[in-house]
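# Residue-level structure breakdown
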Amino acid sequence: DAGVIQSPRHEVTEMGQEVTLRCKPISGHDYLFWYRQTMMRGLELLIYFNNNVPIDDSGMPEDRFSAKMPNASFSTLKIQPSEPRDSAVYFCASSRDRGLNQPQHFGDGTRLSIL
Amino acid sequence: AQKVTQAQTEISVVEKEDVTLDCVYETRDTTYYLFWYKQPPSGELVFLIRRNSFDEQNEISGRYSWNFQKSTSSFNFTITASQVVDSAVYFCALSEGGSYSGAGSYQLTFGKGTKLSVIP
C-alpha cells in the first residue's frame, strides 16, 4: 500500500517567493495533519483536517501560511511570501480516524530552504 | 510546561548494549494515547508503538520493549542488544482525549526527541 506522499522532497527558493508543498494522504484516511520540524522548536502541528475541513489551525504561525484540502486525496500548504525563518522540514501525516486511536502515518517530508 | 519530556537529548552506546529512552508526559485527561516514533538519518518518521491510557501492560516486540507506568507518568522505551541500524532520533508523543483539555484536542504533541547513536 502506498504511504503518505509528499512533494517536493527538497525545495530551495529565495525569500519573498511563494512556496507550495503538496501531500497525498493514505487512501481511506480521513484525517490529515501538517507539521513543521526545526532544531529549535522540534515537531509542531500547524493544522489538521477532518474530511477535508480544517479543524484546528492554531499552530499556523502567521497569515503568510495557508493550507487547503480540496478533496480527500490532496492537500497543499502554501507560504507567501516566504522568509528565511520558514526554513524547516515540513511533514504531512494522515490517520484513519481522529488520531487518538490510530497512529498517524507520516510522509518523507519536504526539506525547505529559504535563502 | 512541556507535556512530553524526553530528558535525554543524546545517548551513545556500543553495539549490543541495552539502552532505555525515557519519556515523561503530563495530562489531566483520563483518556489519552502515547506513541513512539523513530526518525532515522534519512529523515522519515516511522511509527513504532501506540499505547492507550487504560492499558498498562508492557509490550515487547523483538528487541524493543515499552514500559508504561501511569503512577509516574512515564512511557519508557528499551532497545535490547542495540544495533547500528537503531541509530536514530526517537520521539515520544502524546494524544489527549479532550475530556479535560477540551474538544478538538486530538493533536499529537511530541517530545524534543532523543538522538541515539549506536557505535560499532
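Here we summarise the structure given alongside this text. (Residues numbered from 1 in each chain as written. Chains lettered and ligands numbered in written order. Predicted model: local features only at pLDDT ≥ 70, side-chain atom pairs only at ≥ 80, totals over all residues. Heavy atoms only, no water.)

The helix and strand inventory of chain A stands at zero helices and 11 strands. Computed over the C-alpha atoms, the radius of gyration of chain A is 13 Å, within 12% of the 13 Å expected from 2.2 N^0.38 for a compact globule of 115 residues. With respect to the three principal axes, the spread of C-alpha positions in chain A is 40 × 30 × 30 Å. Counting across all 115 residues of chain A, residues that qualify as buried make up 49%. Taking the intrachain contacts of chain A between residues at least 6 apart in sequence as the baseline, contacts between residues at least 24 apart amount to 54%. When the accessible surface of chain A is summed, it comes to about 5,700 Å², and 47% of that surface belongs to carbon and sulfur atoms. Placing the 12 positive and 14 negative side-chain charges of chain A at their respective mean positions leaves the two points 2 Å apart. (Helix = DSSP H or I, 4+ residues; strand = E, 2+ residues; numbered from the N terminus. Rg over C-alpha atoms; globule rule 2.2 N^0.38 Å. Buried < 20%, exposed > 50% of the residue type's maximum accessible area, 1.4 Å probe, protein only. Contact = heavy atoms within 4.5 Å. Areas by Shrake-Rupley, 256 points an atom, 1.4 Å probe, with all protein chains shown as cover. Lys, Arg positive; Asp, Glu negative; His and termini not counted. Charge placed at Lys NZ, Arg CZ, Asp CG, Glu CD.)

Looking now at the interface of chain A and chain B. At the junction of the two partners, chain A supplies 20 residues and chain B supplies 20 residues. Interface of chain A and chain B: buried area, both sides summed, is about 1,800 Å²; carbon and sulfur atoms make up 57% of it. The tally of links from chain A across to chain B stands at zero salt bridges. Connecting chain A to chain B are three residue pairs in polar contact (both at pLDDT 80 or more). (Buried area = accessible area lost by both parts, 1.4 Å probe. Salt bridge = Lys/Arg side-chain N within 4 Å of Asp/Glu carboxyl O. Polar contact = N/O pair within 3.5 Å; in protein donor to acceptor, adjacent residues only side chain to side chain.)

Attention now moves to the side chain of His29(A). All names here are of chain A. Note on placement: His-29 falls in the loop between β3 (19-24) and β4 (31-38). The exposure class of His-29 is buried, given its relative accessible area of 11%. Polar contacts involving the side chain of His-29 include one to the side chain of Ser-94, which spans 2.8 Å. With near-sequence residues (within four places) excluded, His-29 lies in contact with Ser-94, Ser-95, Arg-96 and His-105.

Below, the discussion takes up the side chain of Glu44(A). Residues and elements named next belong to chain A. On the secondary structure map, Glu-44 appears in strand β5 (residues 42-50). One polar contact links Glu-44 to Arg-41, side chain to side chain, over a distance of 2.6 Å. Setting aside residues no more than four positions away along its own chain, Glu-44 makes contact with Trp-34, Tyr-35 and Arg-36.

So, on to the nonpolar core. Counting residues in each nonpolar core, the largest one holds 23 residues, and the members touching the most others are Trp36(B), Phe77(B), Tyr90(B) and Leu116(B). At four residues, the largest contribution of residues to this core is made by strand β10 (residues 88-96) of chain B. Leaving out residues up to four positions away in the same chain, Phe77(B) has contacts with Val19(B), Thr20(B), Leu21(B), Trp36(B), Leu48(B), Tyr64(B), Ser65(B), Trp66(B) and Tyr90(B). Judged by nonpolar contacts, the second largest core, of 21 residues, contains Cys23(A), Ile26(A), Ala67(A) and Ile114(A). (Core = buried A, V, L, I, M, F, W, Y, C linked by side-chain atoms within 4.5 Å.)

This paragraph deals with the pairing of strand β9 (residues 88-95) of chain A. Residues and elements named next belong to chain A. Taking burial as the measure, the eight residues of β9 include eight buried ones, the bulk of the element. Because side chains alternate across β9, one face comprises the buried residues Ala-88, Tyr-90, Cys-92 and Ser-94, and the other comprises Val-89, Phe-91, Ala-93 and Ser-95, equally buried. Pairing of β4 with β9 involves seven bridges; the strand directions are antiparallel. Directly across from Tyr-35, in β9, lies its bridge partner Phe-91. Note that β9 and strand β11 (residues 110-114) share three bridges and pair antiparallel. Within β11, the residue paired with Ala-88 across the bridge is Leu-112. As judged from the two bridges shared by β9 and strand β10 (residues 105-106), these two strands associate in the antiparallel manner. Pairing of Ala-93 across the sheet is with Phe-106, part of β10. (Pairing = 2+ DSSP bridges.)

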